[in-house]
Amino acid sequence: MEGSFRLGRIAGIEIGVHASWVIAFGVLTFFLAQSFGDLFPRWSSATLWLTAAVGALLLFACVLIHELSHALLARARGMSVGGITLFVFGGVTSIHSEAERPEDEFWMALVGPLASFALAATAWLLVQRFAAACGGLFGGWPGRGCTPTGALLVYLAQANLLLGLFNLIPGFPLDGGRVLRALAWGAFGDLRRATRLAVRLGQGVAYVFILLGIVVGLRGGLEMLAHGIWLAFIGWFLLNAAEASERQLALRIAGPASTLPAAQRPARVPTVAEAMRAPVLVSADATVYDALERILAAPGARAALVVDHGRLAGLVSLADLHRVPPLWWSATPLRRVVVPVESVVAVGPDTPLHEAVRLLALRDLNQVPVLRDGTPVGLLTRADVLHYLHRQDSAPVA
Ligand SMILES: [Zn+2]
């Protein structure tokens, strides 16, 4: 994430902190000090601020544990994890490869709130065992013997419970939205449809937050206004996040391979190299006649790659060549009719075949040259793709 700095590594996972985290830390410390001040009027201001700052730090540690649970589960299920960034609203874990199966996504999303609930339960058990006098904080007032440590434990129990519940809100990209998407994905067998549903719900939830923020904010009083602005701000953030994930997913699932349910998807993605043909090559110095002769001599060929000192200089098709009147074929240099290399779209031999097919369809091309480091190694035509699919279809199933 831009504007963040590295903190270190935990279990091989890069941890970073976004600049907005510093603001969040300050705000959280301030509000905690206010709340503790109301509850414990006998505490000195040094005790108040120190307890508040430690509380804010511990809450961020809990957010980090929440994110780590996502990251570690994703890694255990074979996904590649980028890193974790803590920012104003908590944390984000970047997963480079998305889940391949609904059940992977389901557990990866659910483990975060479960981790938060486990932290809340641990803190609550510690309160029962060591700081029973603070237990009243859950409703009513804490007893006289409530120490700053006990108050912190109560605060952590409450905050982690809220964190887990907030993340379970069924709006994508919150954890709850991801759980819902995984369930819908499993039910429909269609990631695209499941994503659309989860994103729509996410936008709905975001509008509820914004509306709630306005209603609360207009109830009067400075405190209500602050709560309202905060709620609306969360809504605005969720709305942006939902829209950003929609755009991102539209890009990601545009390729035909990833829209197939996992069971139908081939384990290995076919590449251009498997479907391409050997190219007809002509020198850039050749004439139109030479090019026609070469193309017509190769069975099924309708185009040639023009090369200059081993590198691609352009592409020429039968249609381009036929625009020259036959009388001029031997006298016209190929350069006059060639599509120059700058306007030629090329693919690599390792490009997934479905991406090349998309390119052919989107740009309305009949063929694309296949290049390795600028040197032509093949040509992929629409006919080659059809032949490849036909070969796969008739191949015996192992
Ligand atoms: Zn989460």
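For the structure, see preceding data.
Reference entry: report on the structure contained in this document. Position numbers for residues start from 1 in each chain and track the written sequence from start to end. Since the coordinates come from a predicted model, pLDDT governs what is reported: local features require at least 70, and pairs of side-chain atoms require 80 or more to be given and counted, while whole-chain, interface and lining totals use all residues.

With respect to unusual backbone geometry
Then, number 1: Positioned with a positive phi, His-309 is a non-glycine residue whose angle comes to about 50°.
Then, number 2: Every helix listed is a DSSP run of H or I at least four residues long, and every strand listed is a run of E at least two residues long, numbered separately from the N terminus. Along the chain, His-309 turns up in the loop between strand E6 (303-308) and strand E7 (311-317).
Then, number 3: Three classes are used. A residue is buried when 20 or more other C-beta atoms lie within 10 Å of its own, exposed when 12 or fewer do, and partly exposed in between, with C-beta atoms placed from the backbone. For His-309, a count of 7 C-beta atoms within 10 Å gives the class exposed.

Some words on the sheet that holds strand E5 (residues 281-283)
Then, number 1: In short, DSSP must find at least two bridges between two strands for them to pair. Spatial strand order, E5-E6-E7-E8: 4 strands in an open sheet with mixed pairing. One side of each edge strand has no neighbouring strand; the edge strands of this open sheet are E5 and strand E8 (339-340).
Then, number 2: Pairing geometry for E6 and E7, over 6 bridges, is antiparallel. Among the inter-strand pairings, Val-306 is bridged to a residue of E7, identified as Gly-314.
Then, number 3: By the convention adopted here, residues make contact when the C-beta atoms placed from their backbones lie within 7 Å. Between the N-to-C directions of two axes lies an angle of 0 to 180 degrees, each axis being a line fitted to C-alpha atoms and, for a helix, fitted only over the stretch in contact. Its contacts with the sheet put helix H10 (residues 288-297) on E5, E6 and E7, and the angle it makes with E6 is roughly 125°.

Thoughts on the pairing of E7
Then, number 1: Counting buried positions over the 7 residues of E7 gives 5, a clear majority of the element.
Then, number 2: Counting the residues between successive antiparallel strands, the hairpin from E6 to E7 contains 2 residues, one of them, His-309, with a positive phi of roughly 50°.
Then, number 3: Where E7 and E8 come together, 2 bridges link them in antiparallel fashion. Looking at E8, one finds that Leu-315 is bridged to Val-339.

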